[in-house]
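Chain and residue survey
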Amino acid sequence: GQSHGGRASRGADGNADGGSDCDGDDSNDSSDDDGGGGGGDMGCLEHIAYYANVVHPGGSGIVYCLSRQNCVDVARELSERHSVSALPYHAGMGATERATCQSAWMKGKVQVMVATIAFGMGIDKPDVRFVMHHVLSKSIEGYYQESGRAGRDGRTSECVLFYKARDFARHIGVMRMGGRGRGAA
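In this report, the structure presented in the accompanying data block is examined.

Here is what the cut-offs are and how they apply
Residues numbered from 1 in each chain as written. Predicted model: local features only at pLDDT ≥ 70, side-chain atom pairs only at ≥ 80, totals over all residues. Heavy atoms only, no water. Helix = DSSP H or I, 4+ residues; strand = E, 2+ residues; numbered from the N terminus. Buried < 20%, exposed > 50% of the residue type's maximum accessible area, 1.4 Å probe, protein only. Contact = heavy atoms within 4.5 Å. Salt bridge = Lys/Arg side-chain N within 4 Å of Asp/Glu carboxyl O. Core = buried A, V, L, I, M, F, W, Y, C linked by side-chain atoms within 4.5 Å. Axes fitted to C-alpha atoms, helices over the stretch in contact; angles between N-to-C directions. Left-handed = near helix turned anticlockwise from the far one by under 90°. Nonpolar A, V, L, I, M, F, W, Y, C, P; charged D, E, K, R; others polar. Phe/Tyr/Trp six-rings, centres within 6.5 Å; stacked < 30°, edge-to-face > 60°. Lys NZ or Arg CZ within 6 Å of the ring centre and 35° of its normal.

1. Quick look at the overall build of the protein chain
The helix and strand inventory of the protein chain stands at five helices and six strands. Each helix and strand of the protein chain, ordered N terminal to C terminal, gives the series β-α-β-α-β-α-β-β-α-β-α. Here the protein chain, with 185 residues, has 47% of them falling under the buried criterion. Counting contacts in the protein chain only where the partners sit at least 6 residues apart, residues at least 24 apart contribute 71% of the total.

Given below as structure tokens:
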């Protein structure tokens, strides 16, 4: 049967704000800083690369990001610094470019699609081994839908949510603005 479920990333100290470099607005995940959690714990991109290269080598994955620019930055960092074949996907790309990226991922020519919520509707790729959320989802419903894209073939798959306490503050700010956050899909 299918074994997928959400797991939240925590730092070495056990606090949710501890061990990940992940932050939906920061495009500088490439720092040598280990996330501020101490103890040599891995940053978010290192965790994603570990899943792609060690836990599910060759397996398809999706990494969800909050903003278009974050998708571009994360895909570039995974490819350049962590030897993970990754492409960005977001609504700001032209239709042809999106179709080309999606096709490459569907055919297994690219291992990881780094996307905003613009990606996934109508996607039926049964062999997705992992879904990672680079930042807290906008809603529990969104997280449920996005994480449900893993393991549709019934094989083991995993979903991981990286978050920091400040993600909650960001979402509250967006709600107060009436949902008009920067970084549309």
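2. Section: the side chain of Ser 60
With respect to the secondary-structure elements, Ser 60 resides in strand S2 (residues 60-64). Apart from the residues within four sequence positions on either side, Ser 60 is in contact with Trp 105, Gln 111, Lys 125, Asp 127, Val 128, Arg 129 and Phe 130.

3. Some details on the pattern of salt bridges
Throughout the structure, instances matching the rule amount to six salt bridges. The residue Glu 77 makes a salt bridge to Arg 81 at a minimum N-O spacing of 3.7 Å. Of the two residues, Glu 77 and Arg 81 both sit in helix H2 (residues 68-82), four residues apart, roughly one turn of that helix. Arg 81 gets classed as partly exposed once you look at its relative accessible area, which sits at 39%. In this structure, Asp 124 and Arg 152 form a salt bridge, with 3.7 Å as the shortest nitrogen-oxygen distance. Pair noted here: Asp 124 is in the loop between strand S4 (112-115) and strand S5 (128-133) and Arg 152 is in the loop between helix H4 (140-147) and strand S6 (158-161), with a separation of 28 residues, a long-range link. In this structure Arg 152 comes out as partly exposed when scored by relative accessible area, which is 40%. Because the salt bridges share partners, they merge into one network encompassing Asp 73, Arg 76, Glu 77 and Arg 81.

4. Examining the nonpolar core
Counting 20 residues, the largest nonpolar core has Ile 48, Val 63, Val 74, Leu 78, Val 112, Val 114 and Met 132 as its most contacted members. Sorting the residues of this core by element identifies helix H1 (44-55), H2, S4 and S5 as the ones contributing at least two each. If you tally residues by element for this core, the top one is H1, at six residues. The residues touching Ile 48, leaving out its near neighbours within four places in the chain, are Val 63, Leu 78, Met 132, His 134 and Phe 162. If you look at the next biggest cluster of nonpolar residues, it comprises 18 residues, including Tyr 143, Cys 159, Leu 161 and Tyr 163.

5. With respect to the packing of H1 against H2
The description of two packed helices rests on the angle between their axes and on the distance between the axes. Two elements in contact, H1 and H2, have axes whose closest approach is 11 Å; the angle formed by their N-to-C orientations is 65°. As for how H1 packs across H2, the hand of that crossing is right-handed. Between H1 and H2, the residues in contact are Leu 45, Glu 46, Ile 48, Ala 49 and Asn 53 and Val 74, Glu 77, Leu 78 and His 82, respectively. For the contact of H1 with H2, a count of residues per class yields five nonpolar, two polar and two charged.

6. Thoughts on the packing of aromatic side chains
Within the structure shown, the criterion is met by two aromatic pairs. Between the aromatic rings of Tyr 89 and Phe 119, the centroid separation amounts to 4.8 Å while the plane-to-plane angle is 65°, which identifies the pairing as edge-to-face. Taken together, the residues span a long stretch of sequence, with Tyr 89 in strand S3 (residues 86-89) and Phe 119 in the loop between S4 and S5 at a distance of 30 residues. Here Trp 105 and Phe 119 contribute two aromatic rings whose centre-to-centre distance is 5.2 Å and whose plane-to-plane angle is 80°, an arrangement assigned as edge-to-face. With Trp 105 in helix H3 (residues 95-106) and Phe 119 in the loop between S4 and S5, this pair connects stretches of sequence that are 14 residues apart. Each member of the pair, Trp 105 together with Phe 119, is buried. What links up through ring pairs into an aromatic cluster is the set Tyr 89, Trp 105 and Phe 119. Positioned over the ring face of Trp 105 is Lys 125, at 5.3 Å from the centre of the ring.

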